[in-house]
Amino acid sequence: MKGDSDKVIVIGGGVIGAFCAYFLRRAGRDVTIVDAGKFGMGCSHANCGFVSPSHVLPLAGPGAIRSALWAMLQPSGPLSIKPRFDPALWGWLFLFARRCNMHDMIEAGHAIQALLQSSRTLYQQIIAEEQFDCEWETRGMLFVLATEKGMHHYAETDKLLAETFQMPARRIDGVALIEFEPALKPGLAGAYLYEGDAHLRPDRLMASLKTLLLKRGVTIREGCKVHGLDKHEHRAHRVVTSEGEFTAQSFIFATGAWTPLLAEHIGCRVPIQPGKGYSITMPRPTLCPKYPLIFEEHRVAVTPWRSGYRLGSTMQFAGYDATLSRKRLAILTEAAKLYLREPVAEPIQEEWFGWRPMTYDSKPILDRSPELENVWIAAGHNMLGLSMAPATGKLMAEMIGSQAPHLDPYPYRGSRF
Ligand SMILES: Cc1cc2nc3c(=O)[nH]c(=O)nc-3n(C[C@H](O)[C@H](O)[C@H](O)COP(=O)(O)OP(=O)(O)OC[C@H]3O[C@@H](n4cnc5c(N)ncnc54)[C@H](O)[C@@H]3O)c2cc1C
């Protein structure tokens, strides 16, 4: 029987934990995933499914505070902050505001881009090799703008993306846009097409990953909530859970937006806030978009699949409030009506919210605990966890296995906080 010498316990069965387990297993490790709920049913379940190398820019940038205030003042704006006494949230917002400058935006952009590009390549390989049935499509993504003002403003972002990040887009103006994407209403100002972007169906990706991991011998324990670690001399020996205690050689916390609740056990600062977003899943409308779309001025996303259609987005900082707000769901359909000829289809199959793990610098934390030499953290993937997951998993497996990392891990170090 094998001992614990090659055993790794991954805490959290979201897309990040799943890809950590995938690469660790490929490296020959004995892997167990434990999840407080069901595998794949956290934020990784019903997100928009964009795998977007184009999304390099962090939330914090010049002008972000002004746009955030404007968005909050709109009754049906995409951003809301629930007013309450929450020193961690106000501290987070203060540090976010300090990063709203060009220098910090570019620095974070390069760190985000490295994970996005590596992940895009890895998705292409893994989905083909492992024959995942997740409706993977590589036709690109359209950033749609309703107004000339929006087009003019976005032209600056496009220039920055092309010149600083080598991420050019194809500009499509008004009339040509309707021919290009007939599901859109006439009268919109235009769009930018990012041809390198892809999309997939997140619940099917998670189901494919689960089947594969089980087949490769990974143990998945669901309904197994981690309460803490049993530690001795700068090492963790056991993870203490609702279902008993389990020993391993290494432990990875891939607990998404819940990670700050475990920070004292991990032994480091984890400035992650839950950023609540919503989605509505439906059958395909008769006139279904061909392309995944983002309505930039309303911050709403549309994802078409062979098997369905989803509207998603909005950002609410309301702590771990688990209510499903009808008002915020309505923001999605109201925005879609402004852009699409057939914005909704019946019957609604799922109304959902997820907590995005938001760091104030938009970069994840991929590092070893400063206090425990065999405890690692892979969390804080903000709005791009799906897009960054394969490279995260690969990097974590390399660092834990003391191999040369395929990406420089420095930008994701925990000590930056
Ligand atoms: C509306 C919306 C749309 C989005 N669209 C996109 C998109 O198009 N593209 C993209 O790249 N990203 C998107 N995202 C972001 C993406 O969904 C997240 O970044 C990603 O899912 C985070 O993955 P994760 O594995 O870190 O967290 P999760 O998927 O939340 O997984 C964490 C897991 O940890 C478990 N856990 C927590 N605490 C404990 C504990 N104490 N013990 C055991 N287990 C525990 C939870 O049960 C959960 O299963 C979107 C998010 C939202 C909300």
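Conventions adopted
- Residues numbered from 1 in each chain as written.
- Predicted model: local features only at pLDDT ≥ 70, side-chain atom pairs only at ≥ 80, totals over all residues.
- Helix = DSSP H or I, 4+ residues; strand = E, 2+ residues; numbered from the N terminus.
- Rg over C-alpha atoms; globule rule 2.2 N^0.38 Å.
- Buried ≥ 20, exposed ≤ 12 C-beta atoms within 10 Å, placed from the backbone.
- Contact = placed C-beta atoms within 7 Å.
- Pairing = 2+ DSSP bridges.
- Axes fitted to C-alpha atoms, helices over the stretch in contact; angles between N-to-C directions.
- Expected span 1.5 Å × (residues − 1).
- Near = placed C-beta within 6 Å.
- Nonpolar A, V, L, I, M, F, W, Y, C, P; charged D, E, K, R; others polar.
- Parallel < 35°, antiparallel > 145°, perpendicular 65-115°, else oblique.
- Left-handed = near helix turned anticlockwise from the far one by under 90°.

Draft legend 1. Focus on the overall build of the chain. For the chain, the count of helices and strands is 10 helices and 20 strands. Scaling as 2.2 N^0.38, a compact globule of 417 residues should have a C-alpha radius of gyration of about 22 Å, and the chain matches this with 21 Å. Along the longest, intermediate and shortest principal axes, the C-alpha atoms of the chain span 65 × 45 × 40 Å. Looking at the chain as a whole, 49% of its 417 residues are labelled buried. For the chain, restricting intrachain contacts to residue pairs at least 6 apart in sequence, the fraction spanning at least 24 positions comes to 76%.

Draft legend 2. Structural view of the sheet that holds strand β19 (residues 365-368). If you trace the 6 strands from one edge of the open sheet to the other, you get β9-β2-β1-β13-β20-β19, paired in mixed fashion. Here the strands that pair on one side only, and so sit at the sheet edges, are β9 (219-221) and β19. Geometrically, the sheet is characterised by an average inter-axis angle of 15° between neighbouring strands, direction not taken into account. Here helix α1 (residues 15-26) sits on the sheet and contacts β1 (7-11), β2 (30-34), β13 (250-253) and β20 (375-379); the angle it forms with β2, its principal contact strand, is near 170°. This element, helix α10 (residues 385-400), spans β1, β13, β19 and β20 of the sheet and lies at about 165° to β20.

Draft legend 3. Representation of helix α4 (residues 102-130) in the model. Across its 29 residues, α4 extends 41 Å between first and last C-alpha, which sits within 8% of the 42 Å expected from 1.5 Å per residue. At the exit of α4 stands Q131, carrying a positive phi of roughly 55°.

Draft legend 4. Up close: helix α7 (residues 202-215). Compared with the 20 Å implied by 1.5 Å per residue over 14 residues, the 20 Å span of α7 between its first and last C-alpha is a close match. Against the buried residues of α7 lie α1, β9 and α10. Phi turns positive one or two residues past the end of α7, at G217, with a value near 95°.

Draft legend 5. Representation of the site of the ligand in the model. Every one of the 42 residues lining the ligand counts as a neighbour, but G14, G42, G256, G277 and G385 are closest to it. Elements supplying a minimum of two residues to the shell around the ligand: α1, β14 (272-282), β17 (308-317), β18 (350-359) and α10. Its residues assigned to classes, the shell around the ligand comprises 20 nonpolar, 19 polar and 3 charged.

Draft legend 6. Structural view of unusual backbone geometry. For the peptide bond that leads from E346 to P347, omega is -10°, which places it in the cis range. Residue placement: P347 occurs in the loop between α9 (326-339) and β18. Phi is positive for E135, which is not a glycine, with a value near 55°. Along the chain, E135 turns up in the loop between α4 and β5 (141-145).

Draft legend 7. Representation of the environment of W355 within the structure. When you line up the elements, W355 lands in strand β18. On the neighbour-count criterion, W355 (22 C-beta atoms within 10 Å) is buried. Sequence separation between W355 and V239 is 116 residues; the distance between their C-alpha atoms is 24 Å. Residue contacts for W355: discarding those within four places in its chain leaves C43, A257, P274, G275 and K276.

Draft legend 8. Region of the structure containing the environment of A397. Along the chain, A397 falls in helix α10. A397 sits 20 residues away from I377 along the chain, and the two C-alpha atoms are 12 Å apart. Those residues in contact with A397, other than ones at most four positions away along the chain, are C20, F23, L24 and A27.

Draft legend 9. Summary view of the packing of α4 against α10. Packing of α4 against α10 leaves a shortest axis separation of 7 Å and a crossing angle of 90°. In terms of orientation, α4 lies roughly perpendicular with respect to α10. Between α4, through L115, L116, S118, S119, L122, Y123 and I126, and α10, the contact on the second element is made entirely by S387, M388, A389, P390, A391, T392 and K394. For the contact of α4 with α10, the residue count by class is 9 nonpolar, 4 polar and 1 charged.

Draft legend 10. Here's a closer look at the pairing of strand β7 (residues 190-194). Along β7, 5 of the 5 residues are buried, which leaves the element largely enclosed by surrounding structure. Of the two faces of β7, the one lined by G190, Y192 and Y194 and the one lined by A191 and L193 are each fully buried. Bridge count between β5 and β7: 5 bridges; the pairing is antiparallel. Pairing of L142 across the sheet is with L193, part of β7.

Draft legend 11. Structural detail: the packing of α1 against α7. Between α1 and α7, whose axes approach to 11 Å, the crossing angle comes to 30°. Crossing handedness for the pair α1 and α7: left-handed. Of the residues in α7, those in contact with V15, A18, A21, Y22 and R25 of α1 are M206, L209 and L213. Considered class by class, the residues forming the contact of α1 with α7 number 7 nonpolar, no polar and 1 charged.

Draft legend 12. Structural context of the sheet that holds strand β10 (residues 226-232). With respect to topology, 3 strands assemble into an open sheet ordered β10-β11-β12, the strand pairing being antiparallel. Each having just a single partner strand, β10 and β12 (244-247) make up the two edges of the open sheet. Across the sheet, the axes of successive neighbouring strands diverge by a mean angle of 30°, strand direction being ignored. Looking at chain direction, strand β11 (residues 235-241) and β12 are connected through 4 bridges and run antiparallel.

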